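Each chain, written out:
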Amino acid sequence: PLQDFYRAALNGQHLFTEAKEYLRELGALDESIPSRPSVIIANYVNAPSNCLAGSRFYSVCCLNECEALLKPLEEHIGAPEATAGRIVELVEQ
């Protein structure tokens, strides 16, 4: 939940200080349950704000190591969700 995301910063464990509106703009805020918004970690970690350096012309960002796995899954599933069994079946191929 979003409250846990911010609680860690208040305790000095992390520096997660992005505003709720900014997380929404990044596509890193899951508000499907309005009373319990959550951070979508994959979207947060891969956001441009987590790049190492950059300028108007370039950005130095980490590669998304999951992309090689996710692309074929997305192509085969072709839907916003799938069962764990279906995902395992595709990964094992």
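Residues numbered from 1 in each chain as written. Predicted model: local features only at pLDDT ≥ 70, side-chain atom pairs only at ≥ 80, totals over all residues. Heavy atoms only, no water.

1. Focus: the overall build of the chain
Reasoning step 1: Scanning the chain from terminus to terminus reveals 5 helices and 4 strands.
Reasoning step 2: When the helices and strands of the chain are placed in sequence order, the string is α-α-β-β-α-β-β-α-α.
Reasoning step 3: Evaluated residue by residue, the chain yields a buried proportion of 14% over its 93 residues.
Reasoning step 4: Long-range pairs, those at least 24 residues apart, make up 18% of the contacts in the chain with a sequence separation of at least 6.
Reasoning step 5: Put simply, the chain shows about 7400 Å² of open surface, and 57% of that area lies on carbon and sulfur atoms. (Helix = DSSP H or I, 4+ residues; strand = E, 2+ residues; numbered from the N terminus. Buried < 20%, exposed > 50% of the residue type's maximum accessible area, 1.4 Å probe, protein only. Contact = heavy atoms within 4.5 Å. Areas by Shrake-Rupley, 256 points an atom, 1.4 Å probe, with all protein chains shown as cover.)

2. Concerning the pattern of salt bridges
Reasoning step 1: For the coordinates displayed, the defined rule picks out 2 salt bridges.
Reasoning step 2: Put simply, Arg24 and Glu31 hold a salt bridge, and the shortest N to O gap is 2.8 Å.
Reasoning step 3: By relative accessible area, which is 32% here, Glu31 ends up partly exposed.
Reasoning step 4: Close ionic contact of Glu89 with Arg86 constitutes a salt bridge, the shortest N to O distance being 2.7 Å. With Glu89 and Arg86 both in helix α5 (residues 84–92) and 3 residues apart, the pair spans about one turn of that helix.
Reasoning step 5: The class for Arg86 is partly exposed, based on a relative accessible area of 29%. (Salt bridge = Lys/Arg side-chain N within 4 Å of Asp/Glu carboxyl O.)

3. Section: the layout of surface pockets
Reasoning step 1: Here the largest pocket defines a volume of roughly 180 Å³.
Reasoning step 2: For the largest pocket, the full set of lining residues is Leu70, Leu73, Glu74, Ile77, Ala79, Pro80, Glu81, Ala82 and Ile87.
Reasoning step 3: Considering every element that reaches the lining of the largest pocket, the biggest residue donor is helix α4 (residues 67–77), with 4 residues.
Reasoning step 4: Among the residues forming the lining of the largest pocket, the class breakdown is 7 nonpolar, no polar and 2 charged. (1 Å grid on protein atoms, 1.4 Å probe; cavity = no way out; pocket = protein on both sides within 12 Å on 5 of 7 lines; lining within 4 Å. Points joined across faces, edges and corners; volume = space filled by probe spheres on them. Nonpolar A, V, L, I, M, F, W, Y, C, P; charged D, E, K, R; others polar.)

4. Concerning a nonpolar patch on the surface
Reasoning step 1: On the surface, Leu52, Phe57, Tyr58 and Val60 cluster together into a nonpolar patch covering about 490 Å² of accessible area.
Reasoning step 2: Within the secondary structure, Tyr58 is located in the loop between β3 (53–54) and β4 (59–60). (Patch = residues over 30% accessible without salt bridge, like charges linked within 9 Å, V, L, I, M, F, W, Y side chains within 5 Å.)

Such coordinate-based values are descriptive only and should not be taken to indicate function.
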